[in-house]
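One-letter residues, chain by chain:
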Amino acid sequence: MPASLCGTWEMLSNINLEGYMIALGIGLSTRKIALRLKQRKVIEQVRDKYVIKTLSTFRNYVFSFRMDEEFDEFTKGLDERHCKSVVTWEGNRMVCIQKGEKKNRGWAHWIEDDKLHLELYCEGQTCKQVFKRVA
Ligand code: YOG
C-alpha cells in the first residue's frame, strides 16, 4: 500500500482551475466564486471503503468508493453530471477515470514531499492542486 493519503489537507496552490471549470461548462459567476475558495480535502478509509470530502465555505463535495469497483458518480454541486467512475492504484498514485459525457476526464492523487498532490483533468485542461497536511 502506498503512503497513506488519509487525513485532513489544506490547499496551498491551485493552478488552472479556471481552464478545468471552463472544460466542464461551469458558468462565469460560479467560476468567480470557486476561484476564491481555499479547498480542504478530508480523506478517510475504513477497510476497503474510501471517502474523499472536498470542503469549502461555498459548497462541499463528498464521494465514496471501493478500489477497482466501477460505480455511478453524480458530481452534485460541481458540473452535475453522471459518470461511471473507477479508482485504482497505479504505483503510488490513486487514479480515477470518470467516463461520461466529457471526454478524457479523471483525476490522480499522490504524496510528494509530505504534500498531497491532485491533478484534475477534462478534455485537455488540467488543474493542479497541492495541499499541506493539517491533521
Ligand atoms: O475531487 O473531484 O479529490 O472527488 C474542484 C473543482 C466549487 C463549485 C472540486 C466547489 C470544481 C463550483 C473537485 C469547490 C469545479 C465549480 C469545493 C473535487 C466545478 C465546479 C467542492 C474532486 C476528487 C479528488 C474527489
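As the structure is a prediction and not an experimental result, all values here were calculated from the model.

Regarding the side chain of E73
Here is step 1: Secondary-structure assignment places E73 in strand β5 (residues 71-74).
Here is step 2: As a buried residue without a salt bridge, E73 has its nearest oppositely charged side chain in R105, at a separation of 6.3 Å.
Here is step 3: A distance of 2.8 Å separates polar atoms of two side chains, one belonging to E73 and the other to S85.
Here is step 4: The contact partners of E73, leaving out residues within four places of it in the chain, are Y61, F63, R81, H82, C83, S85 and Q98.

Some remarks on the sheet that holds β5
Here is step 1: Strand order across the open sheet formed by ten strands is β4-β3-β2-β1-β10-β9-β8-β7-β6-β5, with antiparallel pairing between neighbours. Strands at the two margins of the open sheet, each flanked by one partner only, are β4 (61-66) and β5. For this sheet, the mean inter-axis angle between neighbouring strands, taken without regard to orientation, is 25 degrees.
Here is step 2: The pairing of strand β2 (residues 40-46) with strand β3 (residues 49-55) spans seven bridges and is classified as antiparallel. Paired with E44 across the bridge in β3 is V51.
Here is step 3: Packed on one face of the sheet, helix α1 (residues 17-24) meets β1 (7-15), β8 (105-112), β9 (115-122) and β10 (125-133) and runs near 130 degrees to β10.

Rules used in this analysis
Residues numbered from 1 in each chain as written. Predicted model: local features only at pLDDT ≥ 70, side-chain atom pairs only at ≥ 80, totals over all residues. Heavy atoms only, no water. Helix = DSSP H or I, 4+ residues; strand = E, 2+ residues; numbered from the N terminus. Buried < 20%, exposed > 50% of the residue type's maximum accessible area, 1.4 Å probe, protein only. Lys, Arg positive; Asp, Glu negative; His and termini not counted. Salt bridge = Lys/Arg side-chain N within 4 Å of Asp/Glu carboxyl O. Polar contact = N/O pair within 3.5 Å; in protein donor to acceptor, adjacent residues only side chain to side chain. Contact = heavy atoms within 4.5 Å. Pairing = 2+ DSSP bridges. Axes fitted to C-alpha atoms, helices over the stretch in contact; angles between N-to-C directions.

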